[in-house]
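Chain and residue survey
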Protein chains: 2
Amino acid sequence: MAVTLTDVANALGLSASTVSRALSMPEKVNAQTRERIQQTVHQMGYVPNQVARSLTSGRMDTLAIIVPDIANPFFPPIIKAVQARAARRGMTVLLSDVDEHAVDEIDRARNLAKRVDGLIMVSPRTASAHLAGLRDIPNIVFVNREVEGASFVLIDDGDGMVQAVEHLHALGHRNIAYLNGPKRSWSNALRQSAIESACARLGMTLSEFGPFEAQIQAGARAADLVYASAVTAVIAYDDLIALGVMARLTERGLRIGRDMSVIGVDDSPMSGMAYPTLTSVHVPGAEAGVAAVDIILEQLSTPGKHEPQIVELETHLIVRSSTSVPHPRDGSVAV
Amino acid sequence: MAVTLTDVANALGLSASTVSRALSMPEKVNAQTRERIQQTVHQMGYVPNQVARSLTSGRMDTLAIIVPDIANPFFPPIIKAVQARAARRGMTVLLSDVDEHAVDEIDRARNLAKRVDGLIMVSPRTASAHLAGLRDIPNIVFVNREVEGASFVLIDDGDGMVQAVEHLHALGHRNIAYLNGPKRSWSNALRQSAIESACARLGMTLSEFGPFEAQIQAGARAADLVYASAVTAVIAYDDLIALGVMARLTERGLRIGRDMSVIGVDDSPMSGMAYPTLTSVHVPGAEAGVAAVDIILEQLSTPGKHEPQIVELETHLIVRSSTSVPHPRDGSVAV
DNA sequence: CTACGGAAGGCAAGCGCTTGTCGCAATGTG
DNA sequence: CACATTGCGACAAGCGCTTGCCTTCCGTAG
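Anyway, here's the lowdown on the structure attached to this text. (Residues numbered from 1 in each chain as written. Chains lettered and ligands numbered in written order. Predicted model: local features only at pLDDT ≥ 70, side-chain atom pairs only at ≥ 80, totals over all residues. Heavy atoms only, no water.)

Some remarks on the nonpolar core
Counting 152 residues, the largest nonpolar core has I65, L179 and I235 of chain A together with I65, L179 and I235 of chain B as its most contacted members. Excluding anything up to four places from it in sequence, I65 of chain B contacts I78, I79, V82, V93, L94, L95, S96, I120 and V122 of chain B. Core analysis: the next-biggest nonpolar cluster, separate from the first, contains 40 residues, V116, L131 and I137 of chain A together with F142 of chain B among them. (Core = buried A, V, L, I, M, F, W, Y, C linked by side-chain atoms within 4.5 Å. Buried < 20%, exposed > 50% of the residue type's maximum accessible area, 1.4 Å probe, protein only. Contact = heavy atoms within 4.5 Å.)

Some details on the packing of aromatic side chains
Residue and element names in this part refer to chain A. Going through the model one piece at a time under the given rule, you end up with two aromatic pairs over all chains. On the numbers, 5.3 Å between centres and 70° between planes, the contact of F74 with F75 is edge-to-face. Judged by its relative accessible area of 13%, F74 is buried. The buried category is assigned to F75, whose relative accessible area is 4%. Residue placement shows R252 over the ring face of Y227; its charged tip is 3.8 Å from the ring centre. (Phe/Tyr/Trp six-rings, centres within 6.5 Å; stacked < 30°, edge-to-face > 60°. Lys NZ or Arg CZ within 6 Å of the ring centre and 35° of its normal.)

Describing the sheet that holds strand β6 (residues 175-179) of chain B
Residue and element names in this part refer to chain B. With mixed pairing, the six strands of this open sheet are ordered in space as β7-β6-β8-β9-β10-β12. Each of the sheet's edge strands pairs with one partner strand only, and the pair in question is β7 (205-209) and β12 (316-318). When the angles between neighbouring strand axes are averaged without regard to direction, this sheet yields 25°. Two elements, strand β9 (residues 261-266) and strand β10 (residues 279-282), share four bridges in a ladder whose sense is parallel. Bridge assignment links G264 to a residue of β10, and that residue is S280. (Pairing = 2+ DSSP bridges. Helix = DSSP H or I, 4+ residues; strand = E, 2+ residues; numbered from the N terminus. Axes fitted to C-alpha atoms, helices over the stretch in contact; angles between N-to-C directions.)

Let's talk about the protein's contact with DNA strand D
Around DNA strand D sit 24 residues in total, of which T18, R21, T33 and T56 of chain A together with L5 of chain B are the nearest. Restricting attention to atoms of DNA strand D within 4 Å of the protein, one finds that 62% of them are sugar or phosphate atoms. Contact between DNA strand D and S17 of chain A: a base nitrogen at 2.9 Å from a side-chain N or O atom of the residue. Contact between DNA strand D and Y46 of chain B: a phosphate oxygen at 2.5 Å from a side-chain N or O atom of the residue. At the level of secondary structure, the elements contributing two or more residues to the surface near DNA strand D comprise α2 (16-24) and α4 (50-57) of chain A together with α2 (16-24) and α4 (50-57) of chain B. The element that contributes the greatest number of residues to the surface near DNA strand D is α4 of chain B, accounting for four residues. Among the residues making up the surface near DNA strand D, the classes are represented as eight nonpolar, twelve polar and four charged. (Near = heavy atom within 4 Å. Polar contact = N/O pair within 3.5 Å; in protein donor to acceptor, adjacent residues only side chain to side chain. Nonpolar A, V, L, I, M, F, W, Y, C, P; charged D, E, K, R; others polar.)

Pasting the structure below:
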């Protein structure tokens, strides 16, 4: 059915190996011959059979990326960046959404590992011990997780969180809340502790709520807790929760940015489009994805054992209109 | 390195073919032998090499789905559904985001077609003529596109749109707007004409704006046009645009649901969480994805030529709080 | 007792491509 | 002019698995 390498070779009176080489190591073949081959290839419509190629070469020309939830707007930019970067090197990307089931993640990773040349894990929830078990997978890169002995791209949430707290402090807030993200979230642990120490340093009172799932709905729930407390500003684990808080608080009659300041994390596209626009900590997800791909491509192109690569990226606060000077509600808690 | 079929066969003093059969056609092998084989397989940690298997069998055990933009909340549920359904049959899913570049879509499809057993195209933008060119790809299924001679899953937007118009009419609106989606969007054409005829039938005045990209930002732009017009309600091409409209209109001082009714399409998770919650036409994306997978699996399991399969799904309006009785702004246009 | 049919498993031929090795001609060197 | 070098391609051996066909063996029927 399909045209094979051999067909092309026969048509030209050459051997398959020559044609093969003309395509994959052009410099090893005479320029004229190469020219003839390319023409014939074109004209016969020959397309290499990836599978056969992989069988012998061991290369799959495919990368996989595992994310917890593509519905969370934080991930699509990463995925797109990874796809774009990989495509430039002729690689296909296999995406796997584990639907926040951390348990499946390890299996999924092992499974995909056999079908790809490299694996990018974006797994904020999974226990470190489990992830560490994947270290032996060749060309695996963890995004936003520190895994000893493996390559990883770290996004330092600390900076951004400190900036967020300082921003609120500068505006005059003294009593703020942090809405914790999912229970086992590694990012949450980082964010939480950065906020705690910043608050302590600046002498601010910090209340904590949660954990909450990284979903808008959870934010709505969080909002009522915030409403009942005496804080004048709240930092949410991520934009989704922040957005949920804003919606619910607005519904209950507070004006965001006036009666209550809200800060999200991720700087997702939504944050600029909510009303009011959401002050958020920019997390360079796309850059992290690109860095991960680059690590893999680099390793792929250099044979032998590889030293784990580590890349660190920074976060910073983007101030929009959901934060302003505190404007305490009269007396205390209203209905 | 890895344990191969032959290794297992040797360890047992059997031939590779027997072991192979024991694994893929268990009934063709003696129960006892099968038992022994399974034990050894387990104990040696043998895992079939997918690539080698694919080379001979032609099966890839992989499905691909091509979507225009995973950042659009309409798609993740489809993708998740497809992944889940495929996983139940032991199939992996390859996801491709073409970033709204309709042109790449055809290439991408051709490319992926060779690496998978089936292809699901969710391509609202691409010209029908182009899509039709992909008809020859075996086991291709189009979602939300009618492509003659191919299998497709159609989501009948008409019903939902008519319900939306009737809903507004019942509330007392007589002067409404439709915000067109992307220029070449097939869905948009359907939605638009359904609305036009419903409005005509009910004697309502319809203004149209757009085309707009399916992004929140575009909705903000649309909002200003809406603001300047005399309509009391607006139906947007999708939730994203509707959300953008709501945000911007709120910013300009209108109260959504009172000064302006807004209806979206897709019933994405966001619509229930915006403030106010967004009345939206529910589009069964996940169901469509599942249907598409089922068509493919069905065809995969029956050899030979296949009749194109057609599945039709319906849409319906979900009323929330962004729509209410009209409440015309004083006089005409304010600043 | 021979013949035949079916079940179980072995044999071997690939699937389409890559790649190490080798032959051969053309070129360069002393 | 004999020799070593180099560049181009051909040969052939697989990669790990599937599958059509064949052999062997046993049970049953004629």
